[in-house]
Amino acid sequence: MPSHDSVPESALASRRSKITPERAQELYTAVLDLLRESGYESLTMEGVAARTRCGKSTLYRQWGSKPELVVAALHGTRRMRLPDIDTGTLAGDLLEAARAIGEASGRDTPLMHALSHAALQNPELLRALREALIVPEIAAIDAMVRRAQARGEIAADLPGAEYVAAQLLGVMRARPLLEGRYADAAYLSRFVEKAILPGLGLTAGAPDPDRRGTRVRPES
């Protein structure tokens, strides 16, 4: 019996052509919702089938296995939130990025936590997780920093410039563990103003936003 890797690409395309793009999006959404609710280990093809009223055999025929389905869901729901941000100043860009990332943290953070352990043991899953949730935002923030350097807003050799993305995205993931709250838009905006901008020699020029946080809901 030929291995999965030996199946011609045309045969795979034929096998995967029976589900419409709209239906695939419904399935992907359900997969990610189940991951957020119960984690990767508890996710089953049976559970996805029950949630979506789709035959389990259809899921296996289409994607082959749970890891393949999760990878497809990550790629299929990938969205770009930050590339269009360009306020003309680095402070403005980072505050807008903080708001955009914070508004999605209640969905993205549980997903990253749910997949982290499994992804470290599955290179394809790790790659999909990074490509869907991490790499686009790193690239967008790095582009903001490069624009600021090109404008002369910050020095081209400023030591802390290369760590801006790591600071902003890292604290988004760390806050639930440290404080039991998601790093929402208000929190990330304060973090940019008080922790990132001073290290770049910049100021926000705006009052502190509301200090309320969003409590992390316990897993069901």
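The preceding data block contains the structure.
These remarks concern the structure in this document. (Residues numbered from 1 in each chain as written. Predicted model: local features only at pLDDT ≥ 70, side-chain atom pairs only at ≥ 80, totals over all residues. Heavy atoms only, no water.)

1. Examining the environment of Glu 162
As a reminder, the rule being used: Secondary structure elements are taken from DSSP: a helix is a run of H or I of four residues or more, a strand is a run of E of two residues or more, and numbering for both begins at the N terminus. Residue exposure (1.4 Å probe, protein chains only): buried if accessible area is under 20% of the type maximum, exposed if over 50%, otherwise partly exposed.
Its place among the elements puts Glu 162 in the loop between α7 (123-151) and α8 (164-179). A relative accessible area of 58% places Glu 162 in the exposed class.

2. Side note on unusual backbone geometry
Working note: non-glycine residues mostly have negative phi, and peptide bonds are mostly trans. The phi angle at Arg 53 is positive, at roughly 55°, despite the residue not being glycine. According to the relative accessible area criterion, Arg 53 is exposed, its value standing at 80%.

3. Let's talk about the environment of Ala 98
The line we're drawing: Only heavy atoms enter the contact rule, under which two residues are in contact if any of them lie within 4.5 Å.
Tracing the chain through its elements places Ala 98 in helix α6 (residues 90-121). Accessibility expressed as a relative area gives 0% for Ala 98, which makes it buried. When near neighbours in sequence (up to four residues on either side) are disregarded, Ala 98 contacts Leu 168, Ala 185, Leu 188, Ser 189 and Val 192.

4. Details of the nonpolar core
What counts, and what does not: Grouping buried Ala, Val, Leu, Ile, Met, Phe, Trp, Tyr and Cys residues that are joined through side-chain atoms within 4.5 Å yields what is termed a nonpolar core.
Membership of the largest hydrophobic core comes to 65 residues, with the highest contact counts inside it found for Leu 35, Leu 74 and Leu 94. Taken together, the elements giving at least two residues each to this core come down to α2 (21-38), α3 (45-52), α4 (56-63), α5 (66-76), α6, α7, α8 and α9 (185-196). For this core, the element with the highest residue contribution is α6, accounting for 14 residues. Residues contacting Leu 35, with those up to four places away along its chain left out, are Tyr 40, Leu 43, Val 70, Leu 111, Ala 114 and Leu 115.

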